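Here are the chains, one letter per residue:
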Amino acid sequence: MAHYQYLIVGGGMTADAAIAGIRQSDSSTAIGLIGTDPHPPYDRPPLSKALWKGQPVESIWRKTDHQGVDFHLGRTVRTVDPGEKRVTDDRGTVFTYEKLLLATGGVPRRLGFGGDQIIYYRTLDDYERLRALTQQGERFLVIGGGFIGSEVAAALAMNHKRVVMVYRDRWIGGRVFPEDLARYVTDFYRRKEVEVIAEDTAVGLTPQGGRYAVRTQGKQELTVDGIVAGLGIQPATELAEAAGLDIDNGIVVDRLLKTSHPDIFAAGDVAAFPNAALGVRTRVEHEDNANTMGRAAGQAMAGQGGPYTHLPFFYSDLFELGYEAVGDLDARLETVPDWKEPYREGVIYYMKGGRVRGVLLWNTWGKVDAARRLIADPGPFRPADLKGRLAASA
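Treat the numbers as computed from the prediction; the structure is a model and nothing was measured.

What the chain contains, in helices and strands, is 8 helices and 25 strands. Over its C-alpha atoms the chain spans a radius of gyration of 22 Å, differing by no more than 12% from the 21 Å that the globule rule assigns to 394 residues. Buried residues in the chain amount to 54% of all 394 residues. Partitioning the contacts of the chain with sequence separation of at least 6, the portion at a separation of at least 24 is 58%. For the chain, the computed accessible surface area is about 17,000 Å², with 46% contributed by carbon and sulfur atoms. Looking at the chain, you have 47 positive and 50 negative side-chain charges, and the mean spots of the two groups are 3 Å apart.

Structural data, given as structure tokens:
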């Protein structure tokens, strides 16, 4: 039985950041990390971005092994006993702890067919599997038109593969972008020779001599060499729920990232935290939140933490288009465009009740902190007040 002052369940970016947070104030105490991924922590955004543009795989490693950590990789934690401060994994190994961090992330939403023949794109192994398929195949199906689906489709097309996108919404990014921008992005993908099948979904597949015949609800028949699904994730809360922790669209944490048990913390994709800027409890599934919340959780575990008040941002690359975004980007909100060049460069503000709730910086860079300040400002704002506001900010 191994005992750790600090035990982390989860092996991703949040875990690595938490270890860095612990080491800021505790340079030597034992830290244990249990992760289902067989690899130590690595950067995930390059899996759908930079690695497809020639960045080497070696560049993604987080170098967590330099922090004095005991790795227990390729293992799944089965139970957490808060009373006994004990964790048991799928090999029957028992670990005990003083402080525990749940950084379990999320699991991809899956279709009701196809099993492992579909790549639910999330990990380094998924990237390597898809990359190997591109060495032999030419035509690929991407199911989903959201964050991951749009990035993977662009990455494959930029690597001279024929890509078909199938998704339920009317437009690519239709739940995030206002309709006119979403329509532009969809047409842009078509001009990049991506075949777009909107308002449809795959319903079955048949292996066909090393390829796949895929059927859609709209009666399309597609023959492809590989299938990638990007349908979002569900927070991995099963362990926390079984341990009796509070759950509400994720593991509920307070401003110090403590769960409903004082010696158990949660951070990253799985944590539902009080968002000070937006005034709501929220959960964020992006790199900036993994890094900042992970570090804050590590500091809190080591007794040095303060309230987590960070407003995370996220970003994406879509061929030569790109964006950074802060706050609540919901296409159902009122949107105020401020284009320098329509659909190519500008800012879109998302508003509710006279307040800015989110900012989309479309091919506009270096304005994230200014956008955060604007969201924190109670206003009220009229649309005319926002014209040129970020373009003019330092």
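A separate point is the pairing of strand S22 (residues 321-327). For S22, the tally of buried residues reaches 6 of 7 residues, placing the bulk of the element in the interior. With 6 bridges connecting them, strand S21 (residues 313-318) and S22 associate as antiparallel partners. From the neighbouring strand, Asp317 faces S22, where its bridge partner is Gly322. What sits between S21 and S22 in their antiparallel hairpin is a turn of 2 residues, with Phe319 showing a positive phi close to 55°.

Core analysis: the largest hydrophobic core is formed by 45 residues, its most contacted members being Tyr121, Leu130, Met165, Tyr189, Leu360 and Trp362. Setting aside its immediate chain neighbours within four residues, Leu360 contacts Phe177, Leu181, Tyr323, Glu324, Ala325, Leu329, Gly346, Val347, Ile348 and Tyr350. With 44 residues, the next largest nonpolar core counts Phe95, Leu239, Val270 and Tyr308 among its residues.

This paragraph deals with the sheet that holds strand S20 (residues 280-282). The strands that make up a sheet are held in pairs by hydrogen bonds between backbone atoms, and each pair lies either parallel or antiparallel. The strand order S17-S19-S20 describes an open sheet built from 3 strands, whose pairing is mixed. Looking at the sheet topology across the chains shown, the edges are occupied by strand S17 (251-252) and S20. Here strand S19 (residues 271-275) runs beside S20; their pairing, made up of 3 bridges, is antiparallel. Within S20, the position partnered with Pro274 by the bridge is Arg281.

Counting buried positions along helix H1 (residues 13-23) yields 11 of 11 residues, so the element is predominantly enclosed. Buried residues in H1 make contact with strand S1 (2-9), strand S2 (31-35), strand S3 (69-73), strand S6 (94-102) and helix H6 (287-301).

In this section: the environment of Glu285. Mapping Glu285 onto the fold places it in the loop between S20 and H6. In this structure the C-alpha to C-alpha distance between Glu285 and Asp269, which are 16 residues apart in sequence, comes to 4.6 Å. Setting aside its immediate chain neighbours within four residues, Glu285 contacts Ile233 and Asp269.

One can describe the packing of H1 onto H6 by two numbers: an axis separation of 6 Å at closest approach and a directional angle of 40°. Considering the relative orientation of H1 and H6, their crossing is right-handed. Two secondary-structure elements touch here, H1 through Met13, Thr14, Ala17, Ala18, Ala20, Gly21 and Ile22 and H6 through Glu287, Ala290, Asn291, Gly294, Arg295, Gly298, Gln299 and Met301. Per-class residue counts for the contact of H1 with H6 are 7 nonpolar, 6 polar and 2 charged.

Here we come to the pattern of salt bridges. Enumeration over the complete set of coordinates arrives at 24 salt bridges. Here Arg139 makes a salt bridge to Glu195, at a shortest N to O gap of 3.1 Å. Placement of Arg139 in strand S9 (residues 139-143) and of Glu195 in strand S11 (residues 195-197) is noted, with a sequence separation of 56 residues between them. Judged by its relative accessible area of 35%, Glu195 is partly exposed. Salt bridges here are not isolated pairs; linked through shared partners, they connect Lys85, Glu98, Lys99 and Asp263.

Calculation notes
Residue numbers run consecutively from 1 along every chain, following the written order of its sequence. Per-residue local features are limited, in this predicted model, to residues with pLDDT of at least 70; the limit for side-chain atom pairs, both in listing and counting, is 80 or more; totals at the level of whole chains, interfaces and linings are taken over all residues. Where side-chain values are given, they derive from all heavy atoms of the structure, hydrogens and water being excluded. Going along the chain from the N terminus, every DSSP run of H or I of four or more residues is numbered as a helix, and every run of E of two or more is numbered as a strand. What the globule rule says is 2.2 Å times the number of residues to the power 0.38, and the radius of gyration is computed from C-alpha atoms. Only protein chains enter the accessibility calculation, which uses a 1.4 Å probe; a residue whose area is less than 20% of its type maximum is buried, one above 50% is exposed, and one in between is partly exposed. Contacts are assigned to residue pairs with any non-hydrogen atoms lying within 4.5 Å of each other. Only the protein chains shown count as cover for residues, and the accessible areas themselves come from Shrake-Rupley with a 1.4 Å probe. For the purpose of counting charges, residues Lys and Arg are taken to be positive, whereas Asp and Glu are taken to be negative. His and the chain ends are not included. Charged groups are reduced to one reference atom each: NZ for lysine, CZ for arginine, CG for aspartic acid, CD for glutamic acid. Strand pairing follows a simple DSSP-based rule, namely that at least 2 bridges must link the two strands. Think of a nonpolar core as a cluster: buried Ala, Val, Leu, Ile, Met, Phe, Trp, Tyr and Cys residues, connected wherever their side-chain atoms sit within 4.5 Å. Orientation is described by lines fitted to C-alpha atoms, with helices fitted over the stretch in contact, and by angles between N-to-C directions that extend from 0 to 180 degrees. Helix crossings fall into two classes, left-handed where the near helix is turned counterclockwise from the far one by less than a right angle and right-handed where it is turned clockwise. Polarity classes work like this: nonpolar for Ala, Val, Leu, Ile, Met, Phe, Trp, Tyr, Cys and Pro, charged for Asp, Glu, Lys and Arg, and polar for all others, with Gly in that last group. Any carboxyl oxygen of Asp or Glu within 4 Å of a side-chain nitrogen of Lys or Arg constitutes a salt bridge here.

Functional significance is not addressed by these values, which are geometric in nature.
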